[in-house]
Amino acid sequence: MFKFLKRLRGEKPETSLVAEQFVEEPAPVIHAEPELIVPAVTAPAPTEPAVEKAALAQAPEPVREVVEQPAKTITPEPLALAEVELPKRSLGSGIRSLFSSDVDLDDLEDILIRADFGVEASLEITEDLKREANKVGASSDPELRLLLKDLLTKRLTRPDSALNLSSGDLPYVILVVGVNGAGKTTTIGKLSRWLKDGDWNVVLGAADTFRAAAVDQLATWAQRAESEIVRPEREGQDPASVAYQTVELALAKQADIAIIDTAGRLQNKKDLMDELGKVRRAVEKQARISEVLLVIDATTGQNAMAQAKAFAEVANVTGIVMTKLDGSAKGGILYALQQELDLPVKLVGVGEGVNDFAFFSPEEFAKGLVAYK
């Protein structure tokens with residue numbers, strides 16, 4: 001399991017008990033002019049009070065020089081962090097198998113193409129499997145399934161598949177992008193519930209301000225996830241202002257994570273770029289963006305590739321969330337997306353339930369694709 005850094009709640013370690021350390025200031029040094037000496041005069045001596053008055057009138061004010069002191073040095077309180085894991089979730093049997101009968105090497109390429117692996121990838125996988133089968137002398141259905149599972153697992157495994165929640169730079173800010181209907185809002189709801197189950201403090205931002213239904217849906221998920229939500233004050237409000245307010249609240253509440261829903265309109269790339277650019281700038285005035293997650297609906301097949309390319313070009317995407325894998329026999333699009341866009345698949349959804357959501361596991365995914373059904 002991946003391990004992350006989150007805010008340590010409750011008792012703090014001794015190192016975090018000192019909030020400030022001050023450098024002791026020496027008292028200001030004052031330099032004065034030497035005492036003025038009044039010379040004797042030959043004129044008739046005036047009375048004593050008159051002499052004192054005349055001397056005071058002629059004497060300049062002492063010059064007082066104040067030595068500037070350096071500003072107080074403040075050592076901020078170190079943030080108490082804890083290394084944690086997220087609650088274990090499994091893909092289970094949510095992945096549809098590629099095979100309705102025994103594995104046939106002669107038919108494998110066609111099967112992979114129909115499952116949206118792509119022509120080139122399907123050919124490569126088939127040739128690699130044939131080569132490995134000949135090398136080890138595998139020919140039975142169980143042997144070929146095991147070899148195919150291992151081959152797919154190896155090709156899908158990446159070192160950057162964990163969420164970027166380990167820098168300790170709180171709050172972690174996650175932007176969620178994708179076309180309307182792909183499952184963005186549901187993904188945010190499931191992710192926030194999962195984080196809450198792991199004792200993370202989460203704030204949600206409803207920056208898809210042009211769809212009242214999206215705001216209401218996210219509010220429902222926020223309730224289920226026991227998380228605070230920042231809603232637009234009016235329909236059509238500038239999404240960047242909602243994003244700014246979300247991070248502002250996360251900072252005020254000392255939250256671990258702020259997750260921001262964005263609009264899924266895809267009229268043209270320029271509009272999308274302008275809007276997402278404004279959101280990014282608004283967020284980065286207060287915090288770093290840890291993740292930009294692109295949500296893709298597995299049931300859309302090859303259309304998912306076109307959507308992913310459009311968002312990847314303008315949104316600085318850091319990872320993919322694949323939804324509705326349980327509703328499609330075209331799970332190969334996940335493989336194609338990761339290979340063609342060189343982006344890691346980080347999270348997957350395999351059902352409607354709040355717990356039908358997990359880290360992407362190449363081994364579980366491969367096992368599901370080659371399983372007996």
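A few words now on a negative patch on the surface. Negative charge collects at one region of the surface, where Asp102, Asp104, Asp106, Asp107 and Asp110 lie side by side. You can see aspartate 107 is positioned in helix α2 (residues 105–114). Taking relative accessible area as the criterion, aspartate 107 reaches 38% and is therefore assigned partly exposed.

Okay, the packing of aromatic side chains next. Tallied over the entire structure, the rule returns six aromatic pairs. Between phenylalanine 4 and phenylalanine 359 the ring centres are 5.9 Å apart and the planes differ by 35 degrees, which places this aromatic pair in the tilted class. Placement of the pair is phenylalanine 4 in strand β1 (residues 3–7) and phenylalanine 359 in strand β12 (residues 357–359), with a sequence separation of 355 residues. Each member of the pair, phenylalanine 4 together with phenylalanine 359, is buried. Taking 5.2 Å as the distance between ring centres and 45 degrees as the angle between the ring planes, the aromatic pair formed by phenylalanine 117 and tyrosine 335 counts as tilted. In this pair, phenylalanine 117 sits in the loop between α2 and α3 (119–136) while tyrosine 335 sits in helix α10 (residues 332–341), placing the two residues 218 residues apart along the sequence.

Enumeration over the complete set of coordinates arrives at 21 salt bridges. A salt bridge links arginine 155 to aspartate 128; the nearest nitrogen and oxygen atoms lie 2.6 Å apart. Here aspartate 128 lies in helix α3 and arginine 155 lies in helix α4 (residues 141–156), a separation of 27 residues in the sequence. The class for arginine 155 is partly exposed, based on a relative accessible area of 23%. The closest approach of N and O atoms between aspartate 169 and arginine 288, which form a salt bridge, is 3.6 Å.

Confidence along the protein chain averages 81 in pLDDT terms, with 77% of residues attaining 70 or more. With pLDDT under 50 throughout, residues 11–43 is counted as low confidence; its partners more than four residues away or in other chains account for 37 contacts.

In this structure, lysine 130 sits in helix α3. Residue lysine 130 is classed as partly exposed on the basis of its relative accessible area, which comes to 28%. Sequence spacing of lysine 130 and leucine 148 is 18 residues, and the spatial spacing of their C-alpha atoms is 9.7 Å.

A separate point is unusual backbone geometry. The phi torsion of most residues other than glycine is negative, and most of the peptide bonds are trans. Going from leucine 170 to proline 171, the amide bond is cis rather than trans, its omega being -5 degrees. Note that proline 171 resides in the loop between α4 and β5 (172–177). For glutamine 254, which is not a glycine, the phi torsion comes out positive at approximately 55 degrees. Tracing the sequence through the fold places glutamine 254 in the loop between α7 (239–252) and β8 (257–261). The exposure class assigned to glutamine 254 is partly exposed, which follows from its relative accessible area of 47%. Even without glycine at this site, lysine 324 takes up a positive phi of about 60 degrees.

Calculation criteria
Residue positions are given per chain, counted from 1 along the sequence in the order it is written. Residues qualify for local features only when their pLDDT is at least 70, as the model is predicted, and side-chain atom pairs are given and counted only at 80 or more; totals for whole chains, interfaces and linings, by contrast, use all residues. Side-chain numbers come from the whole structure's heavy atoms, not from hydrogens or water. Patch members must show over 30% relative accessible area and no salt bridge, and they are joined within 9 Å when carrying like charges or within 5 Å when they are nonpolar side chains of Val, Leu, Ile, Met, Phe, Trp or Tyr. All accessibility values rest on the Shrake-Rupley procedure with a 1.4 Å probe; residue burial counts only the protein chains present in the view. Here, a salt bridge means any side-chain nitrogen of Lys or Arg that lies within 4 Å of a carboxyl oxygen of Asp or Glu. None of His or the chain ends enter the tally, which takes Lys and Arg as positive and Asp and Glu as negative. To locate a charge, take NZ of a lysine, CZ of an arginine, CG of an aspartate or CD of a glutamate. Put simply, DSSP H or I for four residues or longer makes a helix, DSSP E for two residues or longer makes a strand, and each gets a number counted from the N terminus. Using a 1.4 Å probe on the protein chains alone, a residue whose accessible area is under 20% of its type maximum counts as buried, one over 50% counts as exposed, and one in between counts as partly exposed. What counts as a ring pair is set by centres within 6.5 Å for rings of Phe, Tyr and Trp (its six-membered ring), and what kind of pair is set by the plane angle: stacked under 30 degrees, edge-to-face over 60, tilted for all other angles. For every residue, the pLDDT score states the predictor's confidence, bounded by 0 at the bottom and 100 at the top. Contacts between residues were defined by any pair of non-hydrogen atoms, one from each residue, lying within 4.5 Å.

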